[in-house]
Amino acid sequence: MKIADVLPQEFVDYMGGCQDQALIKKFSGKMLLRIAGLESYNRRQQVIC
C-alpha cells in the first residue's frame, strides 16, 4: 500500500510543495502511517485538519 494513495489528494499535493519545516516535521512518516491506517476518508480528513 502506498500511503499517498490513501491520504486525501489535496493534502498530498499541498505537502509536496510545502516549505514550512514545522508543518513537515508535524507530519512525520510514522504520523502519516497512522493517518493512512484510519478506516474512513472523513476521519483521515479530520485528523489532518
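Residues numbered from 1 in each chain as written. Predicted model: local features only at pLDDT ≥ 70, side-chain atom pairs only at ≥ 80, totals over all residues. Heavy atoms only, no water.

Okay, the packing of aromatic side chains next. Here the structure, examined in full by the defined rule, presents one aromatic pair. When the ring of Phe-11 is compared with that of Phe-27, the centres are 5.0 Å apart and the planes differ by 70°; the resulting orientation is edge-to-face. Residue Phe-11 is found in helix 2 (residues 9-16), and its partner Phe-27 is found in the loop between helix 3 (21-26) and helix 4 (29-36); the two are separated by 16 residues along the sequence. Given a relative accessible area of 7%, Phe-27 falls into the buried group. (Phe/Tyr/Trp six-rings, centres within 6.5 Å; stacked < 30°, edge-to-face > 60°. Helix = DSSP H or I, 4+ residues; strand = E, 2+ residues; numbered from the N terminus. Buried < 20%, exposed > 50% of the residue type's maximum accessible area, 1.4 Å probe, protein only.)

On the secondary structure map, Leu-7 appears in the loop between helix 1 (3-6) and helix 2. As a C-alpha pair, Leu-7 and Ser-28 span 21 residues in sequence and 14 Å in three-dimensional space. What Leu-7 contacts, discounting residues up to four positions off in sequence, is Val-12, Leu-32, Ile-35 and Ala-36. (Contact = heavy atoms within 4.5 Å.)

Bringing the nonpolar core into the picture now. Formed by Leu-7, Phe-11, Met-15, Cys-18, Phe-27, Leu-32, Ile-35 and Ile-48, the largest nonpolar core amounts to eight residues. Those elements giving two or more residues to this core turn out to be helix 2 and helix 4. With sequence-adjacent residues up to four places away left out, Ile-35 is seen in contact with Leu-7, Phe-27, Arg-44, Val-47 and Ile-48. (Core = buried A, V, L, I, M, F, W, Y, C linked by side-chain atoms within 4.5 Å.)

Once that is clear, we can look at the environment of Lys-25. Following the sequence through the fold, Lys-25 ends up in helix 3. Lys-25 gets classed as exposed once you look at its relative accessible area, which sits at 66%. As a C-alpha pair, Lys-25 and Leu-38 span 13 residues in sequence and 20 Å in three-dimensional space.

Overall, the prediction assigns the chain a mean pLDDT of 90, with 98% of residues at 70 or greater. No element of the chain has a lower mean pLDDT than helix 1, which averages 87, and none a higher one than helix 3, which averages 93. (pLDDT = per-residue confidence, 0-100.)

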